[in-house]
Structures are given as structure tokens and as C-alpha cells.
Amino acid sequence: MNRRLFLLLTVLVPALKGQCQMVMPPALKAGDTIAIISPSSSPDSMTVAKGCAALREWGYVPVVGPNALKDYHGFAGTADERAADLRWALRDSTIKAILCSRGGDGAVQVLYRTPLEEFARHPKWIIGFSDITALHSAEAAAGVMSIHGSMCDGIAAKGERDSVNAIMQRLLRGQLPTYQAPSHPLNQQGEATGILVGGNLSVFSGLAGSDYDFLNRVDEGLILFIEDTQESMSKVDRMLHQIEIRGILPKLKGIIVGHFSKYKSPENGFADMYEMLHEYLQHYDIPVCYDFPVGHHSRYNFPMVIGCRVQVKVGPNHTRIEFVE
């Protein structure tokens, strides 16, 4: 081989590998099958039944994973059983999307038993939030988009969540959303475009540096959204600094701060979580949106397409987030 060509390839190939195109799973149609699995904690059987009923109302055929209703020390089966359900749902060509029954704890055990190649070979929508952030991180690391959104309990709920359910239904049919949220006093105005990643802060922090860590893609231009529950300000502070000392924070294009719930306030002189986060994020010249309706929120948990390109505009009166193909 020509020496000059060889040197050029040694430079280009690693660069191209780091810029892998994100794959959007195919849109669903009426009559498609959606698998319900439990990668984390054991769910209540009635909640799963209500989730199945909601999927039928949406026009889909639900099928419950073989181990999804088990209870093994609080988990939905052993780690091997939960991983087997995930691999089954990914590999079965009749299953078009995967809805997680609930979060809780234990999804990281499933990742250890599921190579990244499984996600890449079988690109399907994986839906869930909280502990399911681990699966979202793996999908994004494998180059596949996923949906951070309501699980069985959420999609079965009525009233105030109907608007969120409608967004999810349109998303599954291939219609990407655009959101507009009220302004927050701590917002940092600006505009940015990048690939959206994020979810539960404590969950994806636990994947730091692993092959399943979606923050490994930071050089591609990421916009990060974060949320959490039952984590103190001091713990969130440590997780934020973990991202900073890894060199991730300075490379982010923007940050969307979702809902933080069930924590003690005030703490260390900060009135609330947003004030604590602002103390550090204000030093970065990027748009930052606070109190976006996503996460462990009693009323709203807007679906977020992880791995999708988004355009974020944080203005004086509102924040606009548009998902683009």
C-alpha cells in the first residue's frame, strides 16, 4: 500500500468510527407487537396489566416477557433472567418496540450480560426512565436512539398525563416532538444544536468510562439533560464534578436540567437544587435550561429521544427544544 495512503487511513478511520451515525428505530404501525420487560425491580402485576391495556387502546399488541413478573430479592428475576428477556425482545423480529415495566434498581446487571453489539444489530425503541437510563446509555453508545419516557404506570394514567401520552403515541408513529417550556430565573440564554443524551444522573454516572457510557461520544457535540430523585445536593454536586474532571462538562453544547425530587433543602447554604447547580454551570458559556418537565415529576415527564439531534433555544420568555432528523 502507498505509504501516504496508509498514513491517511490511520488518521481517518478512528475519526470516522467516533462519528458513527445514530440510527432511529423504525416507526410503528397499528397491530405491531410491543414487548414489556422488567430489567430492574419487580413490578406490580396489576400495573403491568394496566400498561398492556393502554397499549391495546393505542392499537398495539402487548406481550409480557417470560420473567417480567418475577420477584427475586426485589428484582424481576435473577440478572441472567432479566438479561435473557432483554435479548429475547431485541432478537425477536416480530417485536417492534420494548417498554420497560418500571425502574428501581438492577438494570446495570443486565448490561453486563448484554454486549453492545446486541443493541446495534437490533435497533428498536426502548422506552422507560429512571434506572432504565442504563439501557438508554447502552443504546446511544451502540449508535441507536431510544425514548426516555413513561412506563406501564405512566401510560396507564389518565387526566393530566393524557397530553404526555399523546406525544408518546405520535413519537412511536414517527413524529418527532417540539417542546416549549416557561422561562426560569436561572436560565442561561443561548442557542445550541447537538445530540441529546441524558436521564437519571446517578444511573449514568455509575457507567462512567465504561463501553456503555454515552458520554464517551462527547466529541460529537452533545446536549445533556439530567434529572434525579432522592439524591442530596452534596451527592449531585459530586456527580457533577465527576463529569467536570473527566473533561466532559467543558465540551457540552448545552444542558437541560429536569426535575429533582425528594431531597433535603436547604443544604450547604443553597435554597434548592437548581441554585446549587447554577453556582457551577454559570461559568460555562452554553445555554442552560432549568425546571424542564422531565423526570420523576408528579405531573409531567415529556418523552425525550436520546441519541436524536436537537435544536435548543433558551430565550428570555421560554425554552424551545426541537427534535430534528
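Within each chain, residue numbers correspond to sequence positions counted from 1 in written order. Per-residue local features of the predicted model are confined to residues with pLDDT of at least 70, and side-chain atom pairs are confined, for both listing and counting, to 80 or more; whole-chain, interface and lining totals are unaffected and use all residues. Each side-chain value is derived from all of the structure's non-hydrogen atoms; neither hydrogens nor water enter the calculation.

Caption draft 1: Structural context of unusual backbone geometry. Of the consecutive residues S265 and P266, the connecting peptide bond is found in the cis state with omega at -5°. Helix and strand definitions here come from DSSP, where helices need a minimum of 4 consecutive H or I residues and strands a minimum of 2 consecutive E residues; each element is numbered from the N-terminal end. Looking at where P266 falls in the secondary structure, it is placed in the loop between β9 (254–261) and α11 (273–281). Positive phi, normally seen in glycine, also occurs at H73, with a value near 55°. Only protein chains enter the area calculation, which uses a 1.4 Å probe; residues under 20% of their type maximum are buried, those over 50% are exposed, and those in between are partly exposed. Residue classification places H73 among the exposed positions, given a relative accessible area of 68%. The backbone of S130 sits at a positive phi, close to 65°, despite the residue not being glycine. Looking at the secondary structure, you find S130 in the loop between β4 (125–128) and α6 (133–141). Taking the relative accessible area as the measure of exposure, S130 reaches 12% and is therefore buried.

Caption draft 2: Structural context of the packing of aromatic side chains. We call Phe, Tyr and Trp rings a pair once their centres come within 6.5 Å, taking the six-membered ring for Trp, and we label the pair stacked below 30 degrees between planes, edge-to-face above 60, and tilted otherwise. All chains considered together, the criterion is met by seven aromatic pairs. Their ring planes at 55° and their centres at 6.0 Å tell us that Y179 and F292 sit as a pair that is tilted. Taken together, the residues span a long stretch of sequence, with Y179 in strand β6 (residues 178–182) and F292 in the loop between β10 (288–289) and β11 (304–306) at a distance of 113 residues. In this structure, Y179 and F292 share a single accessibility class: buried. Judged by centre distance (6.1 Å) and plane angle (85°), the rings of Y179 and F323 are edge-to-face. With a gap of 144 residues between them, Y179 in strand β6 and F323 in strand β13 (residues 318–324) connect regions that are remote in the sequence. Under the relative-accessibility criterion, F323 is labelled buried at 4%. Among the aromatic residues, those joined into a cluster by ring pairs are Y179, F292, Y300, F302 and F323.

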